[in-house]
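What follows is the residue order along each chain.
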Amino acid sequence: MMNTLSRWYDSDVAHSFRSSPVAILAALIALVCAVCALFAGWVAPHNPFDLSTLELSDARLPPWWLEGGTSKYPLGTDDQGRDILSALIYGARISLIVGLASVLLSVVLGVALGLVAGFRGGWVDGLLMRMCDVMLSFPAILIALLIAGVARAVFPNAPEWLAFGVLIMAISLTGWVQYARTVRGSTLVERNKEYVQAARVTGVAPMRIMRKHVLPNVLGPVMVLATIQVATAIITEATLSFLGVGAPPTSPSLGTLIRIGNDYLFSGEWWITIFPGVMLVLIALSVNLLGDWLRDALNPRLR
């Protein structure tokens, strides 16, 4: 274990990370957000979704440094008396879970289809690429809205776990195309190399060649793309929730909090929507910066 950590510490990627202040700062911000979201029950000062603890008399209180604010609610409260800071922590957990799960599903689906398309070629490649062209001809948010809207119409009284599943599926089905096209292009290059031809000559099964030989050599671009797509998935989830077809109302994410606060933005209660918006920007920006660093660190031309 120690030898593995030592080798990683001395690697080019680790050296690139240590020498990049932007990457370090982005990683710290992402780590703080992830830890707070993961341990929301212990970190958050209140449970904003426990109706028995809410007091309507505390509704729309300003942050503690403004007149009328209190240290009990450092960032103020919303229209239902929920603590904004606690709502941010719980909302970030929902956004991160949905974003990570949807990207993971997109990666699995896109990498599998891209490998098959690039390795097999022929009509299989043509069919899968035409599917990608059709998907790319429509805005991703429109497809996600269509899937989420149809699912809500078909399952109007769906349980919360099913609603989250539909949301993850809606985002995943708009994101797999980029992975499929990226892996397909890399596979077209790898399948003509000598190590693949040697494996074919020795009688190795095509599935084993794709899994054991081609896949490890095409994962570099996928890792970079997946890191950047996490931020895109989180923003897509926030957009769907803002439009009312995302996370269930009983478990609002950052997008839902922004939508709720938008109704009070021009009446003076700016903190209800500004703080969730800042939280969303911090998460998306930190993940994007990490993706940019990873892209440069894995590019041998930039070492």
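Residues numbered from 1 in each chain as written. Predicted model: local features only at pLDDT ≥ 70, side-chain atom pairs only at ≥ 80, totals over all residues. Heavy atoms only, no water.

**Focus on the pattern of salt bridges**
Here is step 1 of the chain: Inspection of the entire model under this criterion finds 6 salt bridges.
Here is step 2 of the chain: Taking the shortest distance from any N to any O, the salt bridge between E190 and K193 comes out at 3.2 Å.
Here is step 3 of the chain: Judged by its relative accessible area of 10%, E190 is buried.
Here is step 4 of the chain: Linked through salt bridges whose partners overlap, the residues forming this network are R130, D133 and R181. (Salt bridge = Lys/Arg side-chain N within 4 Å of Asp/Glu carboxyl O. Buried < 20%, exposed > 50% of the residue type's maximum accessible area, 1.4 Å probe, protein only.)

**Observations regarding the packing of helix 11 (residues 254-262) against helix 12 (residues 271-297)**
Here is step 1 of the chain: It is the contact of helix 11 with helix 12, at a shortest axis distance of 7 Å, that shows an interaxial angle of 150°. The angle between helix 11 and helix 12 places the two elements in the roughly antiparallel class. Regarding helix 11 and helix 12, the two cross each other, and that crossing is left-handed. Residues L254, L257, I258, G261 and N262 of helix 11 form the contact with helix 12, whose participating residues are I272, T273, P276, G277, M279, L280 and I283.
Here is step 2 of the chain: A class-by-class count of the residues in the contact of helix 11 with helix 12 yields 8 nonpolar, 4 polar and no charged. (Axes fitted to C-alpha atoms, helices over the stretch in contact; angles between N-to-C directions. Helix = DSSP H or I, 4+ residues; strand = E, 2+ residues; numbered from the N terminus. Parallel < 35°, antiparallel > 145°, perpendicular 65-115°, else oblique. Left-handed = near helix turned anticlockwise from the far one by under 90°. Contact = heavy atoms within 4.5 Å. Nonpolar A, V, L, I, M, F, W, Y, C, P; charged D, E, K, R; others polar.)

**Digging into the UniProt feature "transmembrane region" (unreviewed entry) in the chain**
Here is step 1 of the chain: UniProt's entry tags residues 21-44, 94-119, 131-155, 161-179, 214-235 and 270-294 with the feature "transmembrane region" (unreviewed entry), counted in the numbering of this structure.
Here is step 2 of the chain: The span residues 21-44 carries 92% helix and 0% strand; its end-to-end C-alpha distance comes to 29 Å.
Here is step 3 of the chain: Note that residues 131-155 is 84% helix and 0% strand, and that its end C-alpha atoms are spaced 27 Å apart. (UniProt positions renumbered as here; feature names shortened; annotations may be inferred.)

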